[in-house]
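Spelled out, the chains give:
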Amino acid sequence: MNNVARDISLRDLSLMATSNPSMLISLRVMSLNAANDPVEQEFVELIDDAIDLIALEFAETAHHRKDRNEDSLTIDIVSLLKAHGFLVEHDADVGGHCDVVVRGPRGFLWLGEAKIHSDYEWLNKGYLQLTTRYSTGMVGQQNGCVIIYCKGPDVNRVVNTWRSKYQSLYQEATVTNCPKNVLVFRSVNKHERSGLPFTVRFVPFSLYHKPKDKK
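> In this structure, what is going on with the overall build of the protein chain? I would like to understand it.
Across its full length, the protein chain carries seven helices and seven strands. Helices and strands appear in the protein chain in the N-to-C order α-α-α-α-α-β-β-β-α-β-α-β-β-β. Looking at the protein chain as a whole, 44% of its 215 residues qualify as buried. A fraction of 57% describes how many contacts in the protein chain between residues 6 or more apart in sequence connect residues 24 or more apart.

Printed below as a string of structure tokens:
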């Protein structure tokens, strides 16, 4: 039997991967990294999609993760982002030791700070670390994320309460719902260092697992 050679483009692969979100993200990351003039917002959206996918993975395996500490959980996120093709580090020295650091073409930098939810002051500390300690707010470096590990029930209540407190603390910020995830909200505020708009996405990771059936 003769073998027929066939060229398969990234577009062809992407069409074949439409039912596999993880593979689709990896292919799109590969495409952007190879582009001569990659679009920053596309890179940000890819990271957002990957973080949301990882959050679902954590929710499905909460019974294995619910007793683990902040660093251990965050290292898993970094490993999964690497598996998707991102250039990412844990605890990298960017204005201090930032939990998640993703780099991309032309100086692109995205930062994530992770906190186990104990109280809302602790979440605010994570936000301030991200926006005033680690991030530069410079061009191509205007996006980040606060990852909220929720070990208790009712993630929606936690997020809504935090959103209300956040808006009281930062009345000048523009706060919007995330169109892709009802449990997520975004804020845009002027970065103190650069004076440019800085966008933060607040993403909960549900780690609550307390079955009520008896074995």
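> Even after reading the chapter, I still don't get the packing of aromatic side chains, so can you show me in this structure?
To describe a pair of aromatic rings, one takes the distance between the centres and the angle between the planes. What the rule picks out here adds up to 13 aromatic pairs. Geometrically, the ring pair formed by Phe58 and Phe205 is edge-to-face, given 5.1 Å between the ring centres and 85° between the ring planes. Taken as a pair, Phe58 in helix H3 (residues 40-60) and Phe205 in strand E7 (residues 197-206) lie far apart in primary sequence, 147 residues in all. Look at Phe58 and you get buried, because its relative accessible area is 0%. The exposure class assigned to Phe205 is buried, which follows from its relative accessible area of 0%. Following the ring pairs from residue to residue traces out a cluster consisting of Tyr127, Trp162, Tyr166, Tyr170, Phe185 and Phe202.

> Please explain the confidence of the model for the protein chain as it appears in this structure.
Reading fine detail from the predicted coordinates is not recommended where pLDDT is low. Taken residue by residue, the protein chain gives an average pLDDT of 90. The fraction at 70 or more is 89%. Confidence drops under a pLDDT of 50 for residues 1-6, and excluding neighbours within four residues, the segment shows zero contacts in the predicted structure.

> Before we go on, may I ask you to explain the nonpolar core in this structure?
Within soluble globular proteins, side chains that are nonpolar tend to cluster in buried spots. By size, the foremost hydrophobic cluster in this structure holds 31 residues, and its most contacted members are Ile77, Leu81, Phe86, Val102, Tyr149 and Phe205. Element by element, the count of residues in this core is highest for H3, at nine residues. Aside from chain neighbours lying at most four places away, what touches Leu81 is Ala50, Ile51, Ile54, Phe86, Val88, Val100 and Val102. Ranked by size, the runner-up nonpolar core spans 26 residues in total, among them Val101, Val155, Val159 and Tyr170.

> What is the right way to look at the pattern of salt bridges in this model?
For side chains of opposite charge, pairing can occur when their charged atoms come near one another. Applying the stated criterion across every chain, the model contains nine salt bridges. We note a salt bridge from Arg65 to Asp76, for which the minimum N-O separation is 2.5 Å. In this pair, Arg65 is assigned in helix H4 (residues 62-65) and Asp76 in helix H5 (residues 70-83), connecting sequence segments eleven residues apart. The pair formed by Arg65 and Asp76 is uniform in burial state, with each residue classed as buried. The salt bridge involving Asp67 is made with Lys66; its shortest N-O contact spans 3.3 Å. Take Lys66: its relative accessible area is 26%, and that puts it in the partly exposed class.

Calculation rules
For every chain, the first residue of its written sequence is number 1, and the numbers climb from 1 along that sequence. Local features in a predicted model are, by the rule used here, given only for residues with pLDDT of at least 70; side-chain atom pairs are given and counted only at 80 or more, and totals for whole chains, interfaces and linings are based on all residues. Heavy atoms from the whole structure form the basis of all side-chain values; hydrogens and water molecules are not counted. Every helix listed is a DSSP run of H or I at least four residues long, and every strand listed is a run of E at least two residues long, numbered separately from the N terminus. With a 1.4 Å probe rolled over the protein chains alone, any residue whose accessible area is under 20% of its type maximum counts as buried; one over 50% counts as exposed, and the rest are partly exposed. Any two residues having at least one pair of non-hydrogen atoms within 4.5 Å are treated as being in contact. Put simply, two rings from Phe, Tyr or Trp (the six-membered ring, in Trp's case) pair if the centres are within 6.5 Å, and we call them stacked under 30 degrees between planes, edge-to-face over 60, tilted for the rest. Predictor confidence is given residue by residue as pLDDT, running from a minimum of 0 to a maximum of 100. Note on terminology: a nonpolar core comprises buried Ala, Val, Leu, Ile, Met, Phe, Trp, Tyr and Cys residues joined through side-chain atoms within 4.5 Å. When a carboxyl oxygen of Asp or Glu is within 4 Å of a side-chain nitrogen of Lys or Arg, the pair counts as a salt bridge.

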